[in-house]
Every structure is written in structure tokens, then in C-alpha cells.
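Summary of the model geometry
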Amino acid sequence: MLRTSKFDNYHSWKTELNKLIYSRFFNLNSELFDYNNEGYYLLVPKSPIFNETLYFNLHPLKRPRLKSHKINYSKMYWFIDDLNIPKEWLSFGGLKIGMFSPENSFRLSLTLISVLRIYFKKGYKLYNRENQTHVSLWKNFTSDSKNNWEKIPGLIKKLKKKFYPSHPIFYRKYKFAGYLGYLDLIMPCILISDAFERIEIVRR
């Protein structure tokens, strides 16, 4: 599904897209692998500074926090080769993945953008905070292992604020690659590198 003239306005396109994505992951047994052929896309800005001018025009009170909004574009190739999400990228709350087409993803940027296509291994799902079985798993989860995400500024706070699990061992134990994000658009948000099968560059 593409953002085309088939939809007369942004609202109708967004509503239809959200329904399609939600329907993919409503079932408890739905896996990311099942929809590799339909496509998962990640947009990466070609600038080390994420949205600097645009972001601070929209959020002038956050100007002193400039350092927390940097993304190292050069790590894109390391990510593709090693299939390991850079910690700086995780600090944004995980990788926001668009489905079906790159046009269905959003990335506010004043620079050129590279497009990556991601393929997932079998066995990995998404945590859905509207699924009571998933919620129960997190509610009853305990771990003696150290939470490595404590080293990533803001990540745990972002996850807790939106009622998502905040420990990497939980995601690995139950093979959740990440969570189903309910933003303006519903989309997969990936936190666990183990779930990647391969990554291709669609556009440099």
C-alpha cells in the first residue's frame, strides 16, 4: 500500500495504513518474518545532527538538549554489516520501521535520506501493549541480570512512559523484536538486533 491519490487526504491514508499494520500484528502468533515480502523500511538521515534546525523550531524550549538529538550516519554501514543497532539509535525509543513502502515512513530531516530494507528471522514477534497476554508476561517478569539499557540515555524512560517493557532480557526471553508503536502512525519499533536476518540498501 502506497500513499497515492487513491486516498483523498492525509487522514484517510493514515487510517487505512494503521488498520493494515494493526491487522498484521493483532494475532498472538503473527511474526515479523511473515511479512518480509510486504516490506519493512528504515529511513536514515545523512547528517550527524538529527533535525537540528527543524526540531528546535518546533520545540524551542528544548534547545539546550542539542547533544541528545544526534545520530551518527556513518554507523549505518556498520549496522548493515553487523546487524547490530547502535546505542545512539536505540536512544530514540528503537528503530521506527515503516511497512509496505518507504513512502509510508516519516523522518523529519533537512538533509538527504538513505532508505534501508530490513528482513527478519523466523520466530520474532512484536510486543503489543493492548494484548493482555503480553501485558501479563511483562507484569510477571523478573530478572537478576543487569539492565544494559541503563547505559542508553532516555531509553528506559521513553519505554516506561508509553507502557512498554524496559528490560532487554524480557524481549529476548519471549522473542519480541520490539514493540508495536502507537504514534501518529502505528509501526513496528525494533529494539533487539537478534531478530535481523539481513539488511539491504534501497537508496543511498
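Check the entry above for the structure.
Residues numbered from 1 in each chain as written. Predicted model: local features only at pLDDT ≥ 70, side-chain atom pairs only at ≥ 80, totals over all residues. Heavy atoms only, no water.

**Here we look at the sheet that holds strand 2 (residues 95-96)**
This is how it is decided: Two strands are counted as paired when DSSP detects at least two bridges linking them. Helix numbering and strand numbering both begin at the N terminus, where a helix is a DSSP run of H or I of at least 4 residues and a strand a DSSP run of E of at least 2. Two residues qualify as a contact provided that any one of their heavy atoms is within 4.5 Å of a heavy atom in the partner residue. Think of each axis as a best-fit line through the C-alpha atoms, taken over the contacting stretch in the case of a helix, with angles from 0 to 180 degrees between the N-to-C directions.
Taken together, the four strands give an open sheet; going across it, the order is 2-7-6-5, and neighbouring strands pair in mixed fashion. What marks the edges here is a single partner per strand, and that holds for strand 2 and strand 5 (125-127). Both strand 2 and strand 7 (residues 186-190) contribute to a ladder of two bridges, which runs antiparallel. Bridge pairing in strand 7 places Lys96 opposite Cys189. Together, strand 5 and strand 6 (176-182) form the strand contacts of helix 5 (residues 132-139), whose direction differs from that of strand 5 by roughly 70 degrees.

**Here we look at unusual backbone geometry**
Rules: For every residue, the accessible area obtained with a 1.4 Å probe (protein chains only) is divided by the maximum for its type, and the residue is called buried under 20%, exposed over 50%, and partly exposed between those limits.
Phi at Phe100 takes a positive value of approximately 80 degrees, unusual for a residue other than glycine. Following the sequence through the fold, Phe100 ends up in the loop between strand 3 (98-99) and strand 4 (113-120). The exposure class assigned to Phe100 is buried, which follows from its relative accessible area of 12%. A positive phi angle, close to 65 degrees, is found at Phe163, a residue other than glycine.

On their own, these measurements won't tell you what the molecule is for.
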